[in-house]
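Residue strings, one per chain:
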Amino acid sequence: KALQAVNDQIQAAHRNLTEIESKGKTLKSEIQSFDYRISQLNLGIKASQIKVDRYRLEIEELEGGILEKEAEVRKMKDGVISMLRELQAKDEESIFLTFLSNRSLAEGLFETETVNRLSAGLTEGVKKLEVVREELGKSLSTVHDKKISVEVEQQTLKSRRLTSVDEREGRQLVLATTKNQ
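Given the structure is predicted, the values throughout are model-derived calculations rather than measurements.

A. Spotlight on the overall build of the protein chain. Scanning the protein chain for helices and strands turns up 3 helices and 0 strands. Written out in order from the N terminus, the α and β elements of the protein chain read α-α-α. The buried share of the protein chain, reckoned over its 181 residues, is 20%. In the protein chain, the proportion of contacts linking residues at least 24 apart, taken out of those at least 6 apart, comes to 87%. For the protein chain, the exposed area adds up to about 13,600 Å²; of that, 56% sits on carbon and sulfur atoms.

B. Inspection of the nonpolar core at higher detail. One finds Val52, Tyr55, Ile59, Ile66, Leu136, Val143 and Val150 forming the largest nonpolar core, which totals 7 residues. The set of elements that each furnish at least two residues to this core consists of α1 (2-91) and α3 (105-180). It is α1 that provides the largest number of residues to this core, a total of 4 residues. Filtering out sequence-adjacent residues up to four positions away, Leu136 remains in contact with Ile66, Lys69 and Glu70.

C. Geometry of the pattern of salt bridges. Counted according to the given criterion, the structure contains 5 salt bridges. Here Asp35 makes a salt bridge to Arg171, at a shortest N to O gap of 2.5 Å. A residue pair is termed long-range when its members are at least 10 positions apart, and Asp35 in helix α1 and Arg171 in helix α3 qualify at 136 residues. Residue classification places Asp35 among the partly exposed positions, given a relative accessible area of 33%. You can call Arg171 partly exposed: its relative accessible area is 22%. Of the charged contacts in the structure, one is a salt bridge between Glu58 and Lys146, with a shortest N-O distance of 2.5 Å.

D. Structural view of the environment of Val132. Here Val132 is to be found in helix α3. When the C-alpha atoms of Val132 and Lys69 are compared, they prove to be 6.7 Å apart, with 63 residues separating the residues in sequence. When near neighbours in sequence (up to four residues on either side) are disregarded, Val132 contacts Lys69, Glu72, Val73 and Met76.

E. View of a negative patch on the surface. A surface patch of like charges, here negative, comprises Glu68, Glu72, Glu130, Glu134 and Glu135. Counting only elements with at least two residues in the negative patch, the list comes to α1 and α3. The element best represented in the negative patch is α3, accounting for 3 residues.

F. Main features of the packing of aromatic side chains. What the rule picks out here adds up to 0 aromatic pairs. The ring of Tyr55 has Arg54 sitting right over it, with the charged end atom 5.0 Å from the ring centre.

G. Local environment of the environment of Ile59. Along the chain, the position of Ile59 falls in helix α1. Classification of Ile59 by relative accessible area gives buried; the value is 8%. Linking Ile59 and Lys146, residues 87 residues apart in sequence, is a C-alpha distance of 6.6 Å. Leaving out residues up to four positions away in the same chain, Ile59 has contacts with Val143, Lys146, Lys147 and Val150.

H. View of the side chain of Ser139. Along the polypeptide, Ser139 turns up in helix α3. Assessed through its relative accessible area of 13%, Ser139 is described here as buried. Residues within four places of Ser139 in sequence aside, it is in contact with Ile66 and Lys69.

I. Summary view of the side chain of Ser48. Examined against the element boundaries, Ser48 turns out to sit in helix α1. On the basis of relative accessibility, which here comes to 0%, the residue Ser48 falls in the buried class. For Ser48, the contacting residues outside a window of four places in its chain are Glu153, Thr156, Leu157 and Arg160.

Calculation notes
Residues numbered from 1 in each chain as written. Predicted model: local features only at pLDDT ≥ 70, side-chain atom pairs only at ≥ 80, totals over all residues. Heavy atoms only, no water. Helix = DSSP H or I, 4+ residues; strand = E, 2+ residues; numbered from the N terminus. Buried < 20%, exposed > 50% of the residue type's maximum accessible area, 1.4 Å probe, protein only. Contact = heavy atoms within 4.5 Å. Areas by Shrake-Rupley, 256 points an atom, 1.4 Å probe, with all protein chains shown as cover. Core = buried A, V, L, I, M, F, W, Y, C linked by side-chain atoms within 4.5 Å. Salt bridge = Lys/Arg side-chain N within 4 Å of Asp/Glu carboxyl O. Patch = residues over 30% accessible without salt bridge, like charges linked within 9 Å, V, L, I, M, F, W, Y side chains within 5 Å. Lys, Arg positive; Asp, Glu negative; His and termini not counted. Charge placed at Lys NZ, Arg CZ, Asp CG, Glu CD. Phe/Tyr/Trp six-rings, centres within 6.5 Å; stacked < 30°, edge-to-face > 60°. Lys NZ or Arg CZ within 6 Å of the ring centre and 35° of its normal.

Given below as structure tokens:
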């Protein structure tokens, strides 16, 4: 009987040892799982921060380009207005008066050619102005899209940080629970 009691105690101790080892392996794998998820979240946070920084640099670059294009548009508008005024002043004279007001036929033809060049220059200036305005519109649209991307990425970043905090708290809870056992 005493031997049986000792054997029963040995078997019970062996079962307890196996159960404890099993719990230890489970606990270790659970903690490793928490550590892995926390590590992944931290990498995701870093990736989001890098994306936000990259978007901000791209926005700054685009905004600089926009300022340059706006200055170019103002300069082109001034040039077009100047040509338009000059053309209007020349246009008020009839071709006949242009020929008569000049000393020679060659000067009259030159004056007429000048008016034609002003007209062609005005047309070209307006075309260029439209191209620059289109580019400006595209740049503004791209800046808007990038700003939306920054907002989305900041929300993702915030979410990842909150999830990381939850994972750390879960890890601490598992450690505290097993410590109390």
